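Coordinate analysis (summary)
Chain by chain, the residues:
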Amino acid sequence: MAEKEKHNFYNQHGFPTQSQKEPGIQSQMSPIPDDGATTYVGHNRLKHKKAVITGGDSGIGRAVAIAYAHEGADIVLNYLPEEESDALEVKGIVESLGRRIKLVAGDLKSEAFNQQLVTEAVTFLGDINVLVMVAGKQQAVQDVLQLKTQQLIDTYTTNVFSMIWLVKAALPHLQPNSSIITTNSIQAEQPAAFLVDYAGTKAAIKNTTMSLAKQLANRGIRVNSVAPGPVWTPLQVSGGQLPENIPEFGQNTPIGRAGQPSEIAGAYVFLASDEASYVTGESINVTGGLK
Ligand code: NAD
Ligand code: MG
């Protein structure tokens, strides 16, 4: 626990006001979120697994990549080109844990890029048995009359269309005993007034996860989702929250604070692991008790 305390795990006192340009850089946040590099303890639960992780440079996706490396998996990591500095940090951490990792920068709003990501992943990993979709776009807009059509298109394309494009691209390579994991949100059930577009995409992700689970079960492919609550990540300080909400971000949960990305990773480890062989069509809440 000493390691965890260093990262403000039990900080109930809120965060300094701050804001960045989208998509936000983790190394520029204060405090820097805990990615689990020194706090997550692995137990070989993903030995020999080969995982593709989107949104893996920062926040929840980064913590998932690092937890997977602690658990013995090799990784292909996707992120946006402007996030290269965060992605290089993840590469260094994963390699220091003795695992293989390939960085593939690119924009998931392009259907062709989703295909390219899978092609590069298969070349590097040989095959894929875990597909983890964490990338997401969230921009707070208080008044629906100010919600621009381009934001609407980009949020739905990033969060919903790319999920289906990536599954279509990966399916020919997924053998029986593979796991697909999506990322929804507390927002799927409890939409905030200022997230009219984003919250709807998270409900769509949750619903699509259940549909794919039914369709792919007979191929031995499990499809599940994780629903985080408020987690301290770049997405929140780069427009995901209204800036005035940053200082008290997460304090509305029963636990009384925001989660750290490293606290979300365990659910993704479970869903990828062989221990979850009878779990499909499920969404795991990791919300600090928010319902
Ligand atoms: P984050 O900013 O660290 O991660 C989001 C990532 O999405 C970025 O790093 C970026 O690489 C990727 N991304 C965005 N647009 C992309 C595009 N067009 N192409 C490729 N990659 C793109 O923030 P995070 O909070 O860790 O977000 C990860 C996921 O968790 C998102 O799906 C988000 O909706 C979800 N989530 C977050 C919270 C929270 O409180 N932080 C709560 C519920 C759900
Ligand atoms: Mg990022």
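So, here is what we can say about the structure in this document. These figures come from a predicted structure and were not determined experimentally.

What follows covers the coordination of the magnesium ion (ligand 2). Here the magnesium ion (ligand 2) is held by D57 (OD), S58 (OG) and E83 (OE), and the distances to it run 2.1 to 2.3 Å. For the magnesium ion (ligand 2), the donor residues sit on a single chain with the sequence spacing D-S-x24-E. Separated by 25 residues along the polypeptide, S58 in the loop between β1 (50-53) and α2 (59-70) and E83 in the loop between β2 (74-79) and α3 (84-96) bring together distant segments of the chain. Exposure remark for S58: the relative accessible area of 11% places this residue in the buried category. Taking relative accessible area as the criterion, E83 reaches 7% and is therefore assigned buried.

The subject of this paragraph is unusual backbone geometry. Going from E22 to P23, the amide bond is cis rather than trans, its omega being 10 degrees. By the secondary structure assignment, P23 is in the loop between α1 (2-6) and β1. A cis amide bond links S30 to the next residue, P31, at an omega of -5 degrees. Among the secondary structure elements, P31 is positioned in the loop between α1 and β1. Look at H48: it is not a glycine, yet its phi comes out positive at around 70 degrees. Structurally, the position occupied by H48 is in the loop between α1 and β1. For N177, which is not glycine, the phi dihedral falls at a positive 75 degrees. With respect to the helices and strands, N177 occurs in strand β5 (residues 174-183). Take N177: its relative accessible area is 41%, and that puts it in the partly exposed class.

Our focus in this paragraph is the sheet that holds strand β6 (residues 221-228). One open sheet holds the 7 strands; their spatial order is β3-β2-β1-β4-β5-β6-β7, and the pairing between them is parallel. On the outer flanks of this sheet lie β3 (101-105) and β7 (283-286), each paired with one strand and no other. On average, each strand axis in the sheet is inclined to that of its neighbour by 15 degrees, with strand direction left out of account. With 4 bridges joining them, strand β4 (residues 128-132) and β5 adopt parallel strand pairing. Looking at the pairing, I128 lines up with L174 of β5. Set on the sheet, α3 makes contact with β2 and β3; between it and β3 the angle comes to about 170 degrees. The strands touched by helix α4 (residues 111-125) are β1, β2, β3 and β4; relative to β2, the strand with the most contacts, the crossing angle is about 155 degrees.

Bringing helix α8 (residues 261-272) into the picture now. Side chains of residues three or four places apart in an α-helix project in the same direction, reflecting 3.6 residues per turn. In this model, α8 (12 residues) spans 17 Å end to end at C-alpha, consistent with the 16 Å of a helix rising 1.5 Å per residue. The buried count for α8 comes to 9 of 12 residues, which makes it a mostly enclosed element. For α8, the complete set of buried residues consists of P261, S262, I264, A265, A267, Y268, V269, L271 and A272. Contacts from the buried residues of α8 go to α2, β4, β5, β6 and β7.

The subject of this paragraph is the packing of aromatic side chains. What the rule picks out here adds up to 2 aromatic pairs. Here F15 and W232 contribute two aromatic rings whose centre-to-centre distance is 3.7 Å and whose plane-to-plane angle is 0 degrees, an arrangement assigned as stacked. Note that F15 is positioned in the loop between α1 and β1 and W232 in the loop between β6 and α7 (234-240), a separation of 217 residues in sequence. With a centroid separation of 5.9 Å and an interplanar angle of 70 degrees, the aromatic rings of F161 and W165 are classed as edge-to-face. Separated by 4 residues within a single helix, F161 and W165 lie in helix α5 (residues 149-170), roughly one turn from each other. Look at F161 and you get partly exposed, because its relative accessible area is 44%. Seen from the ring of F124, R100 lies directly overhead, with NZ or CZ sitting 4.0 Å from the centre.

Thresholds applied
Residues numbered from 1 in each chain as written. Chains lettered and ligands numbered in written order. Predicted model: local features only at pLDDT ≥ 70, side-chain atom pairs only at ≥ 80, totals over all residues. Heavy atoms only, no water. Donors = N, O, S within 2.8 Å, 3.2 Å for Na, K, Ca; no water. Helix = DSSP H or I, 4+ residues; strand = E, 2+ residues; numbered from the N terminus. Buried < 20%, exposed > 50% of the residue type's maximum accessible area, 1.4 Å probe, protein only. Pairing = 2+ DSSP bridges. Axes fitted to C-alpha atoms, helices over the stretch in contact; angles between N-to-C directions. Contact = heavy atoms within 4.5 Å. Expected span 1.5 Å × (residues − 1). Phe/Tyr/Trp six-rings, centres within 6.5 Å; stacked < 30°, edge-to-face > 60°. Lys NZ or Arg CZ within 6 Å of the ring centre and 35° of its normal.

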